[in-house]
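A closer look at the structure
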Amino acid sequence: MKFVYFYGREMSRLLTYNPFEVMTPAFIEMLLQHTHDYAVLQKFQYPGVAANKGFMTTAYTTKEQALVHLAELHPGEGKILHLADKADREKLLALLDPSSGYQFFYSTTPDVAACKKLTQLYKQKVSNYIKSQLHMKSDGGYEVILKVITGRFMAVITSGQQRKEVLFYEMIR
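Let us look at the structure shown here. The structure displayed is predicted, hence computed values, not measured ones.

The secondary structure content of the chain amounts to 5 helices and 9 strands. The secondary structure elements of the chain, listed N-terminal to C-terminal, are β-β-α-β-β-α-β-α-β-α-β-β-β-α. When the 173 residues of the chain are sorted by exposure, 43% land in the buried category. Entry remark: accessible area of the chain is about 9,300 Å², with carbon and sulfur atoms responsible for 52%.

Right, let's talk about the nonpolar core for a bit. In this structure, Y46, V126, I130, I157, F168 and M171 are the most contacted members of the largest nonpolar core, which totals 23 residues. Residue assignment for this core shows that the elements contributing at least two residues are helix 4 (112-134), strand 7 (143-149), strand 8 (152-159) and helix 5 (168-172). Core analysis: the second largest hydrophobic core is formed by 15 residues, L83, L96, F104 and Y106 among them.

Let us look at helix 1 (residues 25-33). In an α-helix there are 3.6 residues to a turn, and that puts residues three or four apart on one side. Every buried residue belonging to helix 1 is among F27, I28, L31 and L32, and all of these are buried. Projected onto a plane normal to the axis of helix 1, the buried residues spread over an arc of 145° and lie on a single side. Helix 1 presents A26 and Q33 as exposed residues on the side facing more than 90 degrees away from its buried surface. Where helix 1 is buried, its residues touch strand 2 (21-22), strand 4 (54-60), helix 3 (86-96) and strand 6 (103-106). Residue T35 follows helix 1 closely and has a positive phi angle near 55°.

About the criteria used
Residues numbered from 1 in each chain as written. Predicted model: local features only at pLDDT ≥ 70, side-chain atom pairs only at ≥ 80, totals over all residues. Heavy atoms only, no water. Helix = DSSP H or I, 4+ residues; strand = E, 2+ residues; numbered from the N terminus. Buried < 20%, exposed > 50% of the residue type's maximum accessible area, 1.4 Å probe, protein only. Areas by Shrake-Rupley, 256 points an atom, 1.4 Å probe, with all protein chains shown as cover. Core = buried A, V, L, I, M, F, W, Y, C linked by side-chain atoms within 4.5 Å. Arc of directions from axis to C-beta. Contact = heavy atoms within 4.5 Å.

Function-wise, these values are silent; they only describe arrangement.
Right, here's the structure in full:
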């Protein structure tokens, strides 16, 4: 099985093998400095993240971009915050406090070091999932591409002409 990773910004940490950047007040300020004023916050499941306590954040420069993302989500899965608006920013900052129990991550995909770690940790689970759940026939092996699609960490599995997209969390839980 061959793993391929698309990655954005280099990340400095892994939390319980979660390869995403942790949202902090400083990170929000950095987004605003780069005119990423709108953020879509959506529910996020991953090992080590308590149920209903994890959220993935994706930032946009325009409200229209954020609305396109929001339209791709299931009802109740996410919402838009205008980070340049003090009231919205304060709501998010209050939730970033560790005592809130919530965890917020930014939707960058793994860096090279994280990719190696993910490959080592989850190769067997991914292989088992493909064989038991996807019922895909191997046509020269499988290629697994990990990437964020509309704020969801997805595995795109191909073998020959076959292609399936699966929430990565479903494969590794």
